[in-house]
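Results of the structural survey
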Amino acid sequence: MQRVPPSLSPDVLDATRLRRDEFPWMDTGESIYLNVASTGPLPESSVRAQEVFTRKRAAPHRLGQDEQFETLTIVRRQLATLIGADVAEIALATNTSAGLNLAAWTLPLGPGDVVVIPDLEFPANVYPWMAAAAVRGFTLWRIPVNEGMLDEPAVLSALDRPDVRVLAVSWVGFATGAVAHLDVLGTACRERGIRFVVDAIQGLGPLTLDVSRVPIDLLACGGQKWLLSPWGTGFTYVRRSLVQELAPQPVSWMGVRGSDDFSRLLSYDLTWRDDARRFEQITLPFQDFAGMGASLALLHALGANAVAAHVHARTTELLDGAAEQGIALVTPRAHVAGIVSLRPADPRRTSDRLDAARVAHSVREGTIRLAPHCYTTRDDVLVALDALRESP
Ligand SMILES: Cc1ncc(COP(=O)(O)O)c(C=O)c1O
């Protein structure tokens, strides 16, 4: 087994207890789960919440309408607290793509306008812009990478063009694991009157965010990875000043004022809600949001800062251990969140060794991607480092 590098911070979370209570399968040897960047595991409390909700739903009269909608209200509040937003700025969504499509199709854009995205973006932050550009007539400008990495200086200088209206970036690159400086990019956008759109799915959880301090206009985030929530959950944050400017697309029957009163549905008044709920697509998967509520309650109880510090300790151990073995690091040490991306000499063989050691990981763009979370122990890291090692 590999020695743990000595420079590590002490554990900030009691991962052992957390595993026992919420992820009991992790102590059976079934899997060293380092693949949250693909799909987050569900805490037991989240599974239970979904089951309880679904059990009631099986006999729908047991599930009052108030309880049904309260499930969503609770999650909106939890998400607002998590990112320092007002609850009126949160629209629940079923994935990340919903928010990115909202941006691409509803931000005021047309011929002569330019939208900037860096290269290396996950397709969820590319195809909506390509499709909308073709219909709406704006230009999509992709900024090439520099030595395989996000080129922030080039992105920043692109913003000086007077026709740029929007910058859309991933907070954390899905393949490189590199963290974009949201404060620097957002401030540059704000100074130039450019809208700043963020795909946060690989960032929120391993990192913390306070949107009252970082000038983001629209943020899209699925719940299925770092928020440890069911598929079909997520949210879009829309800055309050922008909510009123955007007409929802697509249009939901509950996006309008007065639609909570089911006894007056036929008055057909197309006046949008004042808050971000105008963007929600009811009917949402209520049972999945019941699960998300429990997952977020767990993350809140652990503390967003403690989770981030724990993930940072584990990613540092992985990076240090891999570097000690001479494996090329793709993720820059200074800009790491939860993804550790490595380029071993033979990624295929390394992946096979990780599989043999039951280390769940992913292979992305020729790199090995490892992603620990709040439940990851030092022992997990040691097993992974051992499996990474080329036998002499
Ligand atoms: C950066 C990034 N954005 C978006 C997604 C997924 O988008 P959606 O939630 O719409 O499926 C992923 C991964 O699946 C991702 O890594």
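Each domain of the protein was delimited in the assignment, giving domain 1 (15–44 + 303–388) and domain 2 (50–301). Between the C-alpha centres of domain 1 and domain 2 there is a distance of 27 Å. Facing 27 residues of domain 1, the contacting portion of domain 2 comprises 26 residues. Going through the elements one at a time, helix H10 (304–324) and strand S10 (340–343) are the ones with two or more residues in the side of domain 1 that touches domain 2. Of all the elements, H10 adds the most residues to the side of domain 1 that touches domain 2, at 5 residues. Broken down by class, the residue content of the side of domain 1 that touches domain 2 amounts to 15 nonpolar, 9 polar and 3 charged.

Taken together, 4 strands build an open sheet; the order of strands is S9-S10-S13-S12 and the sheet is antiparallel. The sheet terminates laterally at strand S9 (328–329) and strand S12 (362–364), the two strands that pair on one side only. Relative to strand S13 (residues 367–370), S10 runs antiparallel, the two sharing 3 bridges. Within the sheet, the bridge partner assigned to Val340 lies in S13 and is Leu370. Sitting on the sheet, H10 touches S9, S10 and S13, and the angle it makes with S10 is about 10 degrees. Sheet strands touched by helix H11 (residues 347–356): S10, S12 and S13. Its angle to S13, the strand with the most contacts, is close to 30 degrees.

With that out of the way, let us pick up the site of the ligand. The environment of the ligand is made up of Asn95, Thr96, Ser97, Phe122, Ala124, Ser170, Phe174, Asp199, Ile201, Gln202, Gly222 and Gly234. Residue composition of the shell around the ligand, by class: 4 nonpolar, 7 polar and 1 charged.

Now for the environment of Arg77. Mapped onto the elements of the fold, Arg77 is located in helix H3 (residues 65–83). Remark: the alpha-carbon pair of Arg77 and Ile32, spanning 45 residues in sequence, is separated by 33 Å.

Here we come to the sheet that holds strand S6 (residues 195–199). Spatially, the 7 strands line up as an open sheet ordered S2-S8-S7-S6-S5-S3-S4, and their pairing is mixed. Of all the strands in the sheet, just strand S2 (90–92) and strand S4 (139–143) have a single pairing partner and so form its edges. Pairwise comparison of adjacent strand axes, ignoring direction, gives a mean angle of 20 degrees for this sheet. When strand S5 (residues 164–170) meets S6, the two strands line up parallel, connected through 5 bridges. What sits directly across from Val166, in S6, is Arg195. Lying over the sheet, helix H5 (residues 127–136) contacts strand S3 (114–118), S4 and S5, oriented at roughly 145 degrees with respect to S4.

Each value, and the rule that gives it
- Residues numbered from 1 in each chain as written.
- Predicted model: local features only at pLDDT ≥ 70, side-chain atom pairs only at ≥ 80, totals over all residues.
- Domains from an automatic or database assignment.
- Contact = placed C-beta atoms within 7 Å.
- Helix = DSSP H or I, 4+ residues; strand = E, 2+ residues; numbered from the N terminus.
- Nonpolar A, V, L, I, M, F, W, Y, C, P; charged D, E, K, R; others polar.
- Pairing = 2+ DSSP bridges.
- Axes fitted to C-alpha atoms, helices over the stretch in contact; angles between N-to-C directions.
- Near = placed C-beta within 6 Å.

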